[in-house]
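So you can see what is in the structure, the chains are spelled out below.
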Amino acid sequence: MNAIVLAILVMVGLSLARVSVVFALIAASIVGGLYAGLPADEIVNAFNDGLGGGAPVALAYATLGAFAVMLSRSGITQRLSMKVIASFEGGQHTQSHARMVTLGLFGTLILAGFAAETIIPVHIAFIPILVPPLLLVMNHLQLDRRAVACAITFSITVMYMSMPIGFGTIFLNDILMGNINASGADVGLEVTRGMLPKAMILPAVGMLLGLLLAVFVSYRRKRQYQDLPIDGFQKSEHNAAGLKGWQLGMIVLALVLALVVQLWSGSMIFGGLAGFALLSFSGIINWNEQDSVFTQGMRLMAMVGFIMIAAAGFAGVMKATGEIPTLVEGSVALIGDNKSLAALVMLLVGLFITMGIGSSFSTIPIIAAIYVPMCHTFGFSPMATVALIGTAAALGDAGSPASDSTLGPTAGLNADSQHDHIWDTVVPTFLHFNLPLIAAGWLAATIL
């Protein structure tokens, strides 16, 4: 068995057994490294070297968590939640009203995710700001949070893989097209920007079908949750009722400043700190509470941060084994001259690599150098090559225990400790998005 496959099976198996994801990643790194023949000191060094890659992301999410709690303490994010709950208490809680609120909630979260990937590129930063205050509304609706997790993951994944705007520009134009053209220069293969969104339409449709299945079939039944306190949000209801006009202006200014600083510096850390600092000096929150707010915000995103750091170490060990090219090349022996089987195997290998690394953006440079010549050999068109490599990279981003596409939704939905990362986010998103993506990617590769 390939060491990469073994390590990922160990990581997924331990996670499904409700072992901490951080522990699962470390244990899987050791197993994969030893199986590949690496000495213990090389495994430790590779893991430690990889840790540095996850530190900036972890610090960025901790800072954004502090900014999110600061906003919530001001009460701005509670206003919508309080109005919706008041409508239930006012006797409007009919079936049609509940359905309308539910669809509006899904629509709001999906549109927020679209915006966070494109015109306001903050990625998952909106989740700890928007989702925790809405948990009480979801509880009143008895809404299954697994469906909400699928909706959020869909919104932050489908845009970058199909639309060349915001993060999509980086994924499609900079990484996907750049690596395909660099690897295709020797075989005369070149793709243009216009091909990329067209080639990824079918995979995006596959994700949409998975979302509809999750919301209207798999998780349509009501699910009971308790109205438990949410850490860092206890004082927000009082503040929400007492906000003044100038305070609302300062909150809007803080949001704009955080976005501007992020775009200017290219860092979510500085953006979150700028917004937090402005609200701190505005006087909306008592100055003596600044330290506790920051600490609670970091605690809110602590799980995400530690998992991202451990995932970076895991990826470092996997690369050090040298088994990723072996995994790809070894799969060629199973294909023979069957073009349809070749497409399926390439997609499955991409799934394993992305689940291990936790980032579709980091997968393309690894697989493109090998996949492009393979696609040329099997006679895949340039459009089919784009669909295959793009889908192979996107596979596993939804459904990986170490991906921010699953960690982000969990950070918001588990703010009251009633949403399990593995069984309520990872497994539902894996089933509803990776399986349709495999089918849609294979279909795109065979007809384009």
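Refer to the structure presented above.
Quick caveat: nothing in here was measured; it's all calculated off a predicted structure.

Caption draft 1: Quick peek at the overall build of the chain. From N to C terminus, the chain includes 22 helices and zero strands. Split into buried and exposed, the 448 residues of the chain put 57% on the buried side. If you take every contact in the chain between residues at least 6 apart in sequence, the share linking residues at least 24 apart comes to 81%. Entry remark: accessible area of the chain is about 17,800 Å², with carbon and sulfur atoms responsible for 66%.

Caption draft 2: Region of the structure containing the side chain of Thr 102. Secondary-structure assignment places Thr 102 in helix 5 (residues 95–117). Residues in contact with Thr 102, not counting those within four places in the same chain, are Leu 141 and Leu 143.

Caption draft 3: View of unusual backbone geometry. One non-glycine residue with positive phi stands out, namely Gln 142, at about 55 degrees. With respect to the helices and strands, the residue Gln 142 is situated in the loop between helix 7 (135–141) and helix 8 (145–162). Overall, the relative accessible area of 24% leaves Gln 142 in the partly exposed class.

Caption draft 4: Fine view of the packing of helix 11 (residues 201–218) against helix 22 (residues 421–447). Their axes nearest at 8 Å, the elements helix 11 and helix 22 cross at an angle of 150 degrees. The pairing of helix 11 with helix 22 is recorded here as roughly antiparallel in orientation. As helix 11 runs across helix 22, the sense of the crossing is right-handed. Contact residues: Leu 202, Pro 203, Gly 206, Met 207, Gly 210, Leu 211, Leu 213, Ala 214 and Ser 218 in helix 11; His 432, Phe 433, Pro 436, Leu 437, Ala 440, Gly 441, Leu 443, Ala 444 and Ile 447 in helix 22. Of the residues that constitute the contact of helix 11 with helix 22, the class distribution is 13 nonpolar, five polar and no charged.

Caption draft 5: A look at the side chain of Thr 425. Assignment of secondary structure puts Thr 425 in helix 22. With a relative accessible area of 0%, Thr 425 lands in the buried category. In this structure the side chain of Thr 425 is engaged in a polar contact, spanning 2.6 Å, whose partner is the side chain of His 419. Setting aside its immediate chain neighbours within four residues, Thr 425 contacts Ala 149, Thr 406, Pro 409, Thr 410, His 419 and Asp 420.

Caption draft 6: The pattern of salt bridges, seen in detail. All told, the structure shown has four salt bridges when counted by the stated rule. Between Arg 223 and Asp 144 there is a salt bridge, with its nearest N and O atoms 3.4 Å apart. In this pair, Arg 223 sits in the loop between helix 11 and helix 12 (236–241) while Asp 144 sits in the loop between helix 7 and helix 8, placing the two residues 79 residues apart along the sequence. Judged by relative accessible area, which is 3%, Asp 144 ranks as buried. The closest approach of N and O atoms between Asp 424 and Arg 223, which form a salt bridge, is 3.6 Å. One end of the pair, Asp 424, is in helix 22; the other, Arg 223, is in the loop between helix 11 and helix 12, with 201 residues separating them in the sequence. Overall, the relative accessible area of 7% leaves Asp 424 in the buried class. With a relative accessible area of 27%, Arg 223 lands in the partly exposed category. Each of the salt bridges in this network shares a partner with another, and the network as a whole consists of Asp 144, Arg 146, Arg 223 and Asp 424.

Caption draft 7: Examining the environment of Glu 117 more closely. Along the chain, the position of Glu 117 falls in helix 5. Along the sequence, Glu 117 and Ser 155 sit 38 residues apart, while their C-alpha atoms lie 8.3 Å from each other.

Caption draft 8: Region of the structure containing the environment of Ala 368. With respect to the secondary-structure elements, Ala 368 resides in helix 19 (residues 360–378). Under the relative-accessibility criterion, Ala 368 is labelled buried at 0%. C-alpha of Ala 368 to C-alpha of Gly 184: the two residues are 184 residues apart in sequence and 9.0 Å apart in space. Residues contacting Ala 368, with those up to four places away along its chain left out, are Asn 179, Ser 183 and Pro 373.

Calculation rules
Residues numbered from 1 in each chain as written. Predicted model: local features only at pLDDT ≥ 70, side-chain atom pairs only at ≥ 80, totals over all residues. Heavy atoms only, no water. Helix = DSSP H or I, 4+ residues; strand = E, 2+ residues; numbered from the N terminus. Buried < 20%, exposed > 50% of the residue type's maximum accessible area, 1.4 Å probe, protein only. Contact = heavy atoms within 4.5 Å. Areas by Shrake-Rupley, 256 points an atom, 1.4 Å probe, with all protein chains shown as cover. Axes fitted to C-alpha atoms, helices over the stretch in contact; angles between N-to-C directions. Parallel < 35°, antiparallel > 145°, perpendicular 65-115°, else oblique. Left-handed = near helix turned anticlockwise from the far one by under 90°. Nonpolar A, V, L, I, M, F, W, Y, C, P; charged D, E, K, R; others polar. Polar contact = N/O pair within 3.5 Å; in protein donor to acceptor, adjacent residues only side chain to side chain. Salt bridge = Lys/Arg side-chain N within 4 Å of Asp/Glu carboxyl O.

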